[in-house]
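Understanding the architecture of this molecule
Each chain, letter by letter, is given below.
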Amino acid sequence: MQMGLDFAQVQELVAGVDEVGRGPLCGAVVTAAVILDPARPILGLNDSKKLSEARREKLFDEIREKALAWCIARAEVDEIDRLNILHATMLAMQRAVEGLSVTPKLALIDGNRCPQLQVPSAAVVQGDSRVPAIAAASILAKVSRDREMRELDTLYPGYGMAIHKGYPTPVHLEALQRLGPTPIHRRSFAPVRRLLELREGR
C-alpha cells in the first residue's frame, strides 16, 4: 500500500528496511532494518550509494550505537538460486524485521513492494533518500556486505571482489571466464549459468 503522509515526519517506532546486493553475480543479498531514536538524531543520513566509503563506515557505527533497534540479515547464495533473487530479498527483509529487538508499529520498505510481515508495512520508492530510517538501513546493509566481499576476496583471489563487490563489471566477467565460478557465485544468474552450461558441454 502507498501512504499519503510525509514519511520524514513519521518517527514513532517506524522501521526502515533496505537491501544491498540484488545485482551482483556472487555473494549473499544483505538487508537491514533500523528503528531510529528521535531523541538521538544522526546527522547526514542519506542513500548509502551517495555517501563516501569513509562516511558510511562512520555512520555504520553511529547508527548501531544510537538506534532504538537494528538488525542485519541476509539470504544466502543457495537461497537466491533456489527461490530467485526477488523472493530471496523479501525473505532477507523479513528476517531483518523479525530480528529487531523492538517490534515496530510500521515498516517502511525501500522500493515498490513489501515482504510479508507481522507488522503493517508500506513500500516507499526511493525511500533511501526520503526516509532517514531507510537511509540508515541502507548504510548498515551496504557496509556489512562490502566488508564481507573484501573478506571473500582473500578466499577467492583473482576475481577483484574487493573492488566490484560481485557486480558484473568487465573485470569480474573476464575473471569468471578465465577462472570459472566459485562456490559463492549465483548459479541462477545468466553469466554464471551460461558459463556452467558451456563447461558441462550443453
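Reading guide: rules and limits
Residues numbered from 1 in each chain as written. Predicted model: local features only at pLDDT ≥ 70, side-chain atom pairs only at ≥ 80, totals over all residues. Heavy atoms only, no water. Helix = DSSP H or I, 4+ residues; strand = E, 2+ residues; numbered from the N terminus. Buried < 20%, exposed > 50% of the residue type's maximum accessible area, 1.4 Å probe, protein only. Contact = heavy atoms within 4.5 Å. Areas by Shrake-Rupley, 256 points an atom, 1.4 Å probe, with all protein chains shown as cover. Lys, Arg positive; Asp, Glu negative; His and termini not counted. Charge placed at Lys NZ, Arg CZ, Asp CG, Glu CD. UniProt positions renumbered as here; feature names shortened; annotations may be inferred. Pairing = 2+ DSSP bridges. Axes fitted to C-alpha atoms, helices over the stretch in contact; angles between N-to-C directions. Arc of directions from axis to C-beta. Polar contact = N/O pair within 3.5 Å; in protein donor to acceptor, adjacent residues only side chain to side chain.

1. Focus on the overall build of the chain
Scanning the chain for helices and strands turns up 7 helices and 5 strands. Judged by the C-alpha coordinates and their principal axes, the chain covers about 60 × 35 × 25 Å. Residue burial in the chain is summarised as follows: out of 202 residues, 50% are buried. Contacts spanning at least 24 positions in sequence make up 62% of the contacts within the chain whose residues lie at least 6 apart. For the chain, the computed accessible surface area is about 9900 Å², with 53% contributed by carbon and sulfur atoms. Put simply, the chain has 27 plus and 25 minus side-chain charges, and the middle of one group is 3 Å from the middle of the other.

2. Considering the UniProt feature "binding site: a divalent metal cation" (unreviewed entry) in the chain
The feature "binding site: a divalent metal cation" (unreviewed entry), as annotated in UniProt, sits at Asp18, Glu19 and Asp110 in this numbering. For this annotated set, covering 93 residues, all C-alpha atoms fall within 8.0 Å of each other, a compact arrangement in space. Relative to the elements of secondary structure, Asp18 occurs in strand S1 (residues 14-20). The class of Asp18 is buried, set by a relative accessible area of 3%. For Asp18, the contacting residues outside a window of four places in its chain are Val30, Thr31, Ala32, Met93, Asp110, Asp128, Ile134, Ala137, Ser138 and Ala141. Summarising the element assignment, Glu19 is placed in strand S1. For Glu19, a relative accessible area of 18% translates into the label buried. Discounting chain neighbours no more than four positions away, the residues touching Glu19 are Val29, Val30, Thr31, Thr89 and Met93.

3. Notes on the sheet that holds strand S5 (residues 121-124)
Strand order in this open sheet of 5 strands is S3-S2-S1-S4-S5, and the pairing throughout is mixed. Across the chains shown, the open sheet's two edge strands, defined by having one partner strand only, are strand S3 (69-75) and S5. On average, each strand axis in the sheet is inclined to that of its neighbour by 20°, with strand direction left out of account. Where S1 meets strand S4 (residues 106-110), 4 bridges bridge the pair, whose relative direction is parallel. Its bridge partner being in S4, Val17 is matched across the sheet by Ile109.

4. Examining helix H7 (residues 190-199)
Among the residues making up H7, those that are buried are Val192, Leu195 and Leu196. All buried residues of H7 project into a common sector of 100° when viewed along the axis, lining one side. More than 90 degrees from the buried face of H7, the exposed residues found are Arg194 and Leu198. Looking at the buried side of H7, the elements it contacts are helix H6 (170-179). Once H7 finishes, Gly201 follows within two positions and takes phi at roughly 75°, a positive value.

5. Describing the environment of His164
With respect to the helices and strands, His164 occurs in helix H5 (residues 161-164). Remark: the alpha-carbon pair of His164 and Leu68, spanning 96 residues in sequence, is separated by 33 Å. Apart from the residues within four sequence positions on either side, His164 is in contact with Tyr159, Thr169, Val171 and His172. Looking at His164, its side chain comes within polar contact range of the main-chain nitrogen of Gly166, at 2.8 Å.

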